[in-house]
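# Secondary and tertiary structure notes
As a plain string of letters, each chain reads:
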Amino acid sequence: TEWTTKLRYLPYEDWPNQQIIDIKQKIATSHWRLGYHIQPSTGLLNDPNGFSYFNGQWHLFYQSFPYGPVHGLKNWTHLTSDDLVLWQDHGPLLLPGDEQDSHGAYSGSAISVEDQLFLMYTGNVRDENWVRHPKQDGAWMNAKNELTKISTPLIEEPKNGFTDHFRDPQILKHDGTYYCLIGARKKDDTGHVLVYQANAVTGPWQYKTELKFTDQPMGYMIECPNLVFVDGQPVLIFCPQGIAQSVLKHQNIYPNAYVVGKDFDWDNFQFIDPSEIKNLDDGFDVYATEALNAPDGRALTVSWIGLPDTEYPSDIEGWANCYSLVKELHLEDNQLYQLPVVENDKLIKIEINTSEITPQAKITMYMEANQRGQVSVKTDCGEELQIQLDTTNGKILVDRTNAGVAVAVDHGTKRETNVTEGPITAELYFDNTVFELYINGGQKVITGRVFPQGRQFFVESQNVQLQKFQLEKIY
Ligand code: FRU
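Residues numbered from 1 in each chain as written. Predicted model: local features only at pLDDT ≥ 70, side-chain atom pairs only at ≥ 80, totals over all residues.

For the chain, the name recorded in an unreviewed UniProt entry is Sucrose-6-phosphate hydrolase, with Companilactobacillus nantensis DSM 16982 as its organism. The record held by UniProt for the chain lists under Sequence similarities (unreviewed entry) the comment "Belongs to the glycosyl hydrolase 32 family." UniProt, in the comment section headed Pathway (unreviewed entry), describes the chain in these words: "Glycan biosynthesis; sucrose metabolism." (UniProt positions renumbered as here; feature names shortened; annotations may be inferred.)

Turning our attention to the overall build of the chain. When helices and strands are tallied, the chain shows two helices and 36 strands. Over its C-alpha atoms the chain spans a radius of gyration of 22 Å, differing by no more than 12% from the 23 Å that the globule rule assigns to 475 residues. Every one of the 475 residues in the chain was classed for burial, and the buried ones make up 47%. Of the contacts formed within the chain by residues at least 6 apart in sequence, a portion of 58% connects residues at least 24 apart. (Helix = DSSP H or I, 4+ residues; strand = E, 2+ residues; numbered from the N terminus. Rg over C-alpha atoms; globule rule 2.2 N^0.38 Å. Buried ≥ 20, exposed ≤ 12 C-beta atoms within 10 Å, placed from the backbone. Contact = placed C-beta atoms within 7 Å.)

Turning our eyes to something else, we now look at the sheet that holds strand β5 (residues 105-113). Strand order across the open sheet formed by four strands is β5-β6-β7-β8, with antiparallel pairing between neighbours. Where the open sheet ends on each side, the last strands, each with one partner, are β5 and β8 (147-155). Shown here is a sheet whose adjacent strand axes are inclined to one another by a mean of 25 degrees, direction ignored. (Pairing = 2+ DSSP bridges. Axes fitted to C-alpha atoms, helices over the stretch in contact; angles between N-to-C directions.)

With that out of the way, let us pick up the UniProt feature "domain: Glycosyl hydrolase family 32 C-terminal" (unreviewed entry) in the chain. UniProt marks residues 358-470 with the feature "domain: Glycosyl hydrolase family 32 C-terminal" (unreviewed entry), using the numbering shown here. In the segment residues 358-470, helix accounts for 0% and strand for 58%; the C-alpha atoms at its two ends are 6 Å apart.

Attention shifts here to the environment of isoleucine 424. You can see isoleucine 424 is positioned in strand β32 (residues 424-431). Spatially, the C-alpha atom of isoleucine 424 lies 27 Å from that of glycine 404, the residues being 20 residues apart in sequence. What isoleucine 424 contacts, discounting residues up to four positions off in sequence, is Met367, Leu389, Thr391, Ile396, Val419, Ile439 and Asn440.

Entries for the chain in the domain assignment read domain 1 (5-340) and domain 2 (344-471). Between the C-alpha centres of domain 1 and domain 2 the distance comes to 28 Å. Tallying the contact residues gives 29 residues for domain 1 and 32 residues for domain 2. Broken down by element, the side of domain 1 that touches domain 2 gets its largest block of residues, five residues, from strand β24 (residues 335-340). (Domains from an automatic or database assignment.)

Cis geometry is adopted by the peptide bond preceding proline 204, which originates at glycine 203 and carries an omega value of 0 degrees. You can see proline 204 is positioned in the loop between β11 (191-198) and β12 (206-210). Positive phi values are uncommon outside glycine, yet tryptophan 130 reaches one of about 65 degrees. With respect to the helices and strands, tryptophan 130 occurs in the loop between β6 (116-123) and β7 (135-141). Here the phi dihedral of asparagine 463 falls at roughly 65 degrees; this positive angle occurs in a residue that is not glycine.

Moving on: the confidence of the model for the chain. For any part of a model where pLDDT is low, the fine detail of the predicted coordinates should not be relied upon. With 100% of its residues at a pLDDT of 70 or more, the chain shows a mean pLDDT of 98. Our summary of model confidence lists the complex with pTM equal to 0.98 and ipTM equal to 0.98. (pLDDT = per-residue confidence, 0-100.)

Turning next to the UniProt feature "domain: Glycosyl hydrolase family 32 N-terminal" (unreviewed entry) in the chain. Sequence positions flagged by UniProt for "domain: Glycosyl hydrolase family 32 N-terminal" (unreviewed entry) are, in local numbering, residues 37-340. Note that residues 37-340 is 0% helix and 55% strand, and that its end C-alpha atoms are spaced 12 Å apart.

Here it is, written out as structure tokens:
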């Protein structure tokens, strides 16, 4: 298929049913599908949206273009879960195509209000000259998971002085007032987070102020801002596109970053004593992470494992991208700690005592201080994902150079991170074509995709003590 603009934005009703059937057929024989990570039923998945707890269940939506592995006319596809591990896919729920979201139901968030869930999202609207007119829209989902859109935008247009890059509202409630954070690009090509407020979710919404979380330049555009409170401190998780390497050293096309405040001033929307900007993940593919202060008291996140403007080898199978496991956040000395939620332990089946592992596996690692060591996941086709550990200077390097079909090689095939000195512990969650490596209790995380031709996986190690477990295949 040649993915022309016309095809990408074709109204859903103009697609023949056969398109989805054909993709599903291709996917049925896929080499690269995942066993316990959220993946699109067809087509392309990007940002997680509307992560929430409502009506006794967890809810999550994915940005979806269902008709092919490309960015096109996006909907929100609805997932529910009882345990944050097994998710049921209920199909597209928030559909694009009305006046306020003619060219896509773009990213946003959800908050439960009385007996309904309120969704706030960006309606991507383009005119006949293909000029963007972003709208911030609302919709209600009731306890039967039925959706009703609000046809009048909650916020009609960008603030004066800002461009049409204005999207991804995160809705929050504090002291009885609703706030939303919106990513924005100023006319001088700088990235900002704007704050609006309202007494009711349906509005009227008024501009309040700019979120003040750093003195440093944040590139030309901020996507997907998320303010979350972790162990009592404010954390902003965001995507500063075009941020200078001198402000945030990064290798991916666009970074997903965070900043921590000592405290938060709600009157001025200001971080008190903000930290440096840091990478949320030191790997290859994490973007658009969504955060949630859950009613059970935990600070949770889920990340898109996939990057904008990037092609992935699974495109030929008619699908692209996946999500991380749901992670729980903690803070220690302004460093974020991220670990898969404890519910994931139920995926563990049995210990593996052979070098061959199952495509779904968890590998725990331990290496003593003052050592150099290595762990490799190899395939029967000679491919290799290599993890080098060095406790002489607290370094971990992940190398996917020879791990299979190449991905985004222009941005390098190795990623490295530093950890505090002393022994290293790590947990590798491996799932056929995605890995998440949690180092020293989640002090650092290295996430990435690999696309091997091999079907069998073998683990080898030097100077590193391993334990291996088979994990359930639930999808
Ligand atoms: C980030 C993003 C968002 C936008 C969405 C569209 O990946 O570009 O800014 O709302 O994807 O799918």
